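Structural characterization, general
As a plain string of letters, each chain reads:
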Amino acid sequence: ANPRVSLLDAKKVEAVVSTQSTGNKKCEGSILLIRRVYNSYSTRMQEPPMYYEKGDYIETLTGNKVSRKSVLCGSMNIRLHGKTIIKPGAVIRGDLANVIVGRLSLIGDNTVIRPSYKRFKSGIAFFPLTIGDHVTIDEGSVVEAASIGSYVSIGKNCIISKRCIIKDCSSIPDNTILAADTVVPPFTEYRGAPGLFYQELQESWIEVQKEKTTSYYERFQAVQTQK
């Protein structure tokens with residue numbers, strides 16, 4: 001889609017809806033969504049490309065970009081659904097259990113993705129880990145969740161402890177520590193140490209997170225240095 005056309009359309013729709021929005025919560029919510037998408041497009045147009053050396057990443061047929069400096073243990077048990085970026089220093093422990101990552105997600109520098117486990121009398125059992133679409137996990141975070149939904153943002157240096165369940169459309173800001181077995185409901189933000197409910201998120205969060213991940217992927221471009 002052409003961002004310039006989308007920006008014009010967004011402003012026109014906002015102007016029309018604004019004339020009918022007085023006291024109408026649905027219209028006011030629509031305006032908020034339009035403004036967020038508009039601001040997201042504006043930021044996307046202004047942000048420059050992020051270049052990386054072509055030889056430093058492996059690009060798959062489905063558009064995944066995997067750093068050669070990342071560590072994928074048990075790669076046969078790791079499934080990337082397409083256009084996902086795995087940055088240098090990231091470690092994914094597919095040797096423990098299956099790890100599935102959805103489309104247009106970002107695994108940041110020096111993150112650790114490790115399936116959760118539970119102790120039984122007979123020993124330790126590891127459980128598969130599923131991460132949804134349009135998920136960002138920023139640098140230095142450690143994730144041992146049971147599952148992470150789609151449109152989820154996890155900040156820098158977070159600890160997502162064993163068997164946590166993070167539902168769709170959630171936000172975990174920088175330096176948050178979620179205790180084991182925490183369940184984060186949809187459209188909520190948990191923060192702090194320990195991580196507790198902080199606020200609800202608007203329905204527009206889906207579009208904001210989708211635009212964030214799509215923009216990042218499109219700006220993450222390969223260059224080849226001549227030697």
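Above this text sits the structure in question.
What you are looking at is a predicted structure, and each value in this text was computed from that prediction instead of being measured.

1. Quick word on the packing of aromatic side chains
- Enumeration according to the criterion identifies six aromatic pairs in this entry.
- A centroid spacing of 4.4 Å and a plane angle of 25° characterise the contact between tyrosine 52 and phenylalanine 220, whose relative ring orientation is stacked. Linking tyrosine 52 in strand 1 (residues 50-53) with phenylalanine 220 in strand 25 (residues 220-223), this pair joins segments that are 168 residues apart in sequence.
- Relative to phenylalanine 220, the ring of tyrosine 216 lies with its centre 6.0 Å away and its plane at 25°, an arrangement referred to as stacked.
- Note on tyrosine 216: relative accessible area 19%, which makes it buried.
- Among the aromatic side chains, those forming a connected cluster through ring pairs are Tyr52, Tyr57, Tyr216 and Phe220.
- Taking the ring centre of tyrosine 198 as reference, the NZ or CZ of arginine 191 above it sits at 4.1 Å.

2. Quick notes on the sheet that holds strand 16 (residues 147-148)
- Spatially, 5-8-13-16-19-22 is the arrangement adopted by the six strands of the open sheet, whose pairing is parallel. The open sheet is flanked by strand 5 (78-80) and strand 22 (183-184), the only strands paired with a single partner.

3. So, the sheet that holds strand 7 (residues 91-93)
- Reading across the sheet, the six strands line up as 4-7-10-15-18-21 and stay open at both edges, with parallel pairing between neighbours. Sheet topology places strand 4 (71-73) and strand 21 (177-178) at the edges, where each strand pairs with a single neighbour.
- Bridge analysis of strand 18 (residues 159-160) against strand 21 gives two bridges, and the strand direction is parallel. Bridge pairing in strand 21 places isoleucine 159 opposite isoleucine 177.

4. Quick word on unusual backbone geometry
- Cis geometry marks the peptide bond from alanine 193 to proline 194; its omega dihedral reads 10°.
- Mapped onto the elements of the fold, proline 194 is located in the loop between strand 23 (188-191) and strand 24 (196-200).
- Here the phi dihedral of asparagine 110 falls at roughly 60°; this positive angle occurs in a residue that is not glycine.
- Of note, asparagine 110 is situated in the loop between strand 9 (106-107) and strand 10 (112-113).
- Looking at asparagine 110, the relative accessible area reads 51%, which means it is exposed.

5. Concerning the nonpolar core
- Formed by 27 residues in total, the largest nonpolar core has its most connected members in Ile113, Ile148, Ile154, Ile160, Ile166 and Ile172.
- Of all the elements in the fold, those that place two or more residues in this core are strand 5, strand 8 (99-101) and strand 13 (129-131).
- Those residues in contact with isoleucine 166, other than ones at most four positions away along the chain, are Ser147, Ile148, Gly149, Val152, Ile154, Ile160, Ile172, Leu178 and Val184.
- By size, the runner-up hydrophobic cluster in this structure holds eight residues, among which are Tyr52, Tyr57, Leu106 and Phe220.

6. Details of the pairing of strand 11 (residues 117-120)
- Where strand 11 and strand 12 (residues 123-126) come together, four bridges link them in antiparallel fashion. By the bridge assignment for strand 12, arginine 119 is matched with isoleucine 124.

7. A closer look at the side chain of serine 70
- Position of serine 70 among the secondary structure elements: in the loop between strand 3 (65-67) and strand 4.
- If near-sequence neighbours (up to four positions away) are discounted, serine 70 is found in contact with Ile86, Lys87, Pro88, Gly89 and Ala90.

8. A closer look at the pattern of salt bridges
- By the definition in use, this model includes five salt bridges.
- Aspartate 109 is the salt-bridge partner of lysine 87, the closest N and O atoms lying 3.6 Å from each other. With a gap of 22 residues between them, lysine 87 in the loop between strand 6 (85-86) and strand 7 and aspartate 109 in the loop between strand 9 and strand 10 connect regions that are remote in the sequence.
- With a relative accessible area of 12%, lysine 87 lands in the buried category.
- Overall, aspartate 109 belongs to the partly exposed group, its relative accessible area being 24%.
- Among the ionic pairs, glutamate 144 bridges to arginine 114, the shortest N-O distance being 3.2 Å. Of the two residues, glutamate 144 sits in the loop between strand 15 (142-143) and strand 16 while arginine 114 sits in the loop between strand 10 and strand 11, which places them 30 residues apart along the sequence.
- Taking relative accessible area as the criterion, glutamate 144 reaches 10% and is therefore assigned buried.

Cut-off values and rules
Residues numbered from 1 in each chain as written. Predicted model: local features only at pLDDT ≥ 70, side-chain atom pairs only at ≥ 80, totals over all residues. Heavy atoms only, no water. Phe/Tyr/Trp six-rings, centres within 6.5 Å; stacked < 30°, edge-to-face > 60°. Helix = DSSP H or I, 4+ residues; strand = E, 2+ residues; numbered from the N terminus. Buried < 20%, exposed > 50% of the residue type's maximum accessible area, 1.4 Å probe, protein only. Lys NZ or Arg CZ within 6 Å of the ring centre and 35° of its normal. Pairing = 2+ DSSP bridges. Core = buried A, V, L, I, M, F, W, Y, C linked by side-chain atoms within 4.5 Å. Contact = heavy atoms within 4.5 Å. Salt bridge = Lys/Arg side-chain N within 4 Å of Asp/Glu carboxyl O.

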